[in-house]
Amino acid sequence: MHLKKHDMKTFATFVLALVASFSSTFLHAQDLNSKIDQLLSAQFPADGPGCTAIVAKGDQVLYRKAFGMAHLELDVPMKPEHVFRIGSITKQFTGAAILKLEEAGKLSVQDDITKYLPDYPTQGHKITIEHLLTHTSGIRSYTDMPEFGDVMRTDQSPEDFIAFFKDQPMDFAPSEKWQYNNSGYFLLGVIIEKVSGMPYDKYIEETFFKPLGMSHSHYGHNAPVFKNRVAGYTLSNDGVVNCDLLSMDLPYAAGSLLSNVDNLYTWYRAVMSGKVLSKKSMEKAHTAYKLNDGKATQYGYGWFLGDVQGSPTIEHGGGINGFITASIYLPKEQVFVAVFSNNEGNSPDVAARKIAGLAIGKPYEWTKILMPEQELAQYAGNFESEDGSQMRSITFENGQLFSQRSGGTKFKIYPFAKDKFFFDESTTTLEFNRAGGKIESVTAHAVSGKETWRKTDKKPTTRTEIQLDQATLQQYVGKYEVQPSFAFTFTLEDGQLMTQATGQPKFPVFAEKKDFFFLKVVEAQIEFFRNDAGVVERLVLYQGGQKIPALKK
């Protein structure tokens, strides 16, 4: 074939444009890979428990790597194809299973649960399948019960384990509140079995795993040998140790599944392309449920609904003995991110969100702008959380704005746009909201979602710190378990009592009186309780209007 001079010029222009486009894409991919490498290698050192990560856009995998170790005792490095317990990411499979059965006409999400569980004591309330799906049933979550630690290693049938929690008092009336609830998803597993006529694990395998080619996804029974399954670890006062034993009968439909990042990417592609659920079912699954007062939650049917730098997300993470997992899908950009950790003391949640920000060109990086002092001073004031349980004070001191929760540490905040501020070394931002030009509230955008605080004339609570002797402080040292996958560890370091929640940074705690402490980084208090011999045996965390008990192990 011969090209004319004009055609040659056009062709040359096309080639140059193609090369430029390819170079730009290649450089962007190089830059993305380099930044993700830096982020994950810093968090997951080569000689410790590790992680696997995948980033994809549409049908193209942009990044797929592993860091750290899959098995410390055998000195096995992590590989991207390794299989993890995925914890509560299981819930989206359970939610999809319910919707598949609804599409087949075998149930309705508006059905009363007593249609399928006739002996379940609903304590005078109508509790629907939808309430279970959306964490709004009010049923007590079994992982919030201190007694769970006594049975966590015991194999039980679903029916036997329901008896463990069914007679607990309701936490609230259905649809009055949103509160994360593993009991609800456990009950959904039993409903799936009754309606389908198949065991839960078999139904998930036959309906989803086999048709989608998810050959490295399984129900996580302890006994079978699954190729590429990694070991799970946790943190203790002695460093990294093997995770506590857990009967995998008990997570069941709330958190029992195994998978790897590749299979989870396959799953998300299938779900989002309409190969798993109908369009109508998808809309229900990915729409925020509304409470009785009309307020929208941040949860659908097995998925959280959030955002990364303003871009909507459909996401879920998981925490279970030895493992913490994170997965995020951004429908507008068609970007998927998953990061799995085999150390329940090293959460990948923040890393996954930062990676998602990088992948869509909206990194969690801000440039401080100059703002006149008189303008900065207008943001000062006290703000109250929606439930009235917490206060946030914005103060202006010596030309600098600070944000401080009641009794907490002051953090500097910096403007990056009108009414928008960022914190140092954080993914959290504050956005001030106006009405008629006047500031009426501030919204905190954080990894856990967004929360709006109303401006108020109330004054924040002040707490006075006292000093306790070292012998008394030593009595609080130890691990306090809320559930098998979540605990508070207290250590005494250079005379300061410190606490670290599973997957979270370590923070100092301060005594207000003997057995009663408070944190300064957040509005939270911790009360320790002793047995008749005077030995500390449990604690209660007071935060956000909730009381969270934990037993000393």
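Structure first, text after, so check above.
In what follows, the accompanying structure is described. Note that the structure is predicted; figures quoted are calculated from it, not measured.

**Considerations on the overall build of the protein chain**
Along the backbone of the protein chain there are 13 helices and 29 strands. Each principal axis of the C-alpha atoms in the protein chain carries an extent, and together these give about 95 × 70 × 55 Å. Of all 553 residues assigned to the protein chain, the portion counted as buried reaches 49%. Put simply, of all contacts in the protein chain between residues at least 6 apart along the chain, 58% involve residues at least 24 apart. As displayed, the protein chain offers around 25,400 Å² of accessible surface, 52% of which is attributable to carbon and sulfur atoms.

**As for the pairing of strand E16 (residues 400-405)**
As paired elements, strand E15 (residues 391-397) and E16 share 6 bridges and run antiparallel to each other. Residue pairing for E16: isoleucine 394 is matched across the bridge by serine 403. Looking at chain direction, E16 and strand E17 (residues 411-417) are connected through 3 bridges and run antiparallel. The residue of E17 that forms the bridge with leucine 401 is isoleucine 413.

**Describing the packing of aromatic side chains**
Evaluated as defined, the whole model comprises 44 aromatic pairs. With 4.1 Å between their ring centres and 25° between their planes, phenylalanine 93 and tryptophan 267 make a pair best called stacked. In this pair, phenylalanine 93 sits in helix H2 (residues 90-103) while tryptophan 267 sits in helix H9 (residues 261-272), placing the two residues 174 residues apart along the sequence. Judged by its relative accessible area of 0%, tryptophan 267 is buried. Arranged with centres 5.9 Å apart and planes meeting at 85°, the rings of tyrosine 142 and phenylalanine 186 form a pair that is edge-to-face. Here the residue tyrosine 142 occupies a position in the loop between helix H3 (129-133) and helix H4 (148-151), and phenylalanine 186 occupies one in helix H6 (residues 182-196), the gap between them amounting to 44 residues. Residue tyrosine 142 is classed as buried on the basis of its relative accessible area, which comes to 2%. Following the ring pairs from residue to residue traces out a cluster consisting of Tyr142, Phe148, Phe161, Phe164, Phe165, Phe186, Tyr200, Tyr219 and Tyr252.

**Some points on the pairing of strand E26 (residues 516-519)**
For a regular strand, side-chain orientation follows a simple rule: the groups alternate between the two sheet faces. On E26, burial covers both faces: Phe516 and Phe518 on one face and Phe517 and Leu519 on the other are all buried. The pairing of strand E25 (residues 506-513) with E26 spans 4 bridges and is antiparallel. Bridge assignment links phenylalanine 510 to a residue of E26, and that residue is phenylalanine 518. Between E25 and E26, which follow one another and run antiparallel, lie 2 residues, and aspartate 515 among them has a positive phi close to 75°. Between E26 and strand E27 (residues 524-530), which pair antiparallel in sequence order, lie 4 residues.

How each quantity is defined
Residues numbered from 1 in each chain as written. Predicted model: local features only at pLDDT ≥ 70, side-chain atom pairs only at ≥ 80, totals over all residues. Heavy atoms only, no water. Helix = DSSP H or I, 4+ residues; strand = E, 2+ residues; numbered from the N terminus. Buried < 20%, exposed > 50% of the residue type's maximum accessible area, 1.4 Å probe, protein only. Contact = heavy atoms within 4.5 Å. Areas by Shrake-Rupley, 256 points an atom, 1.4 Å probe, with all protein chains shown as cover. Pairing = 2+ DSSP bridges. Phe/Tyr/Trp six-rings, centres within 6.5 Å; stacked < 30°, edge-to-face > 60°.

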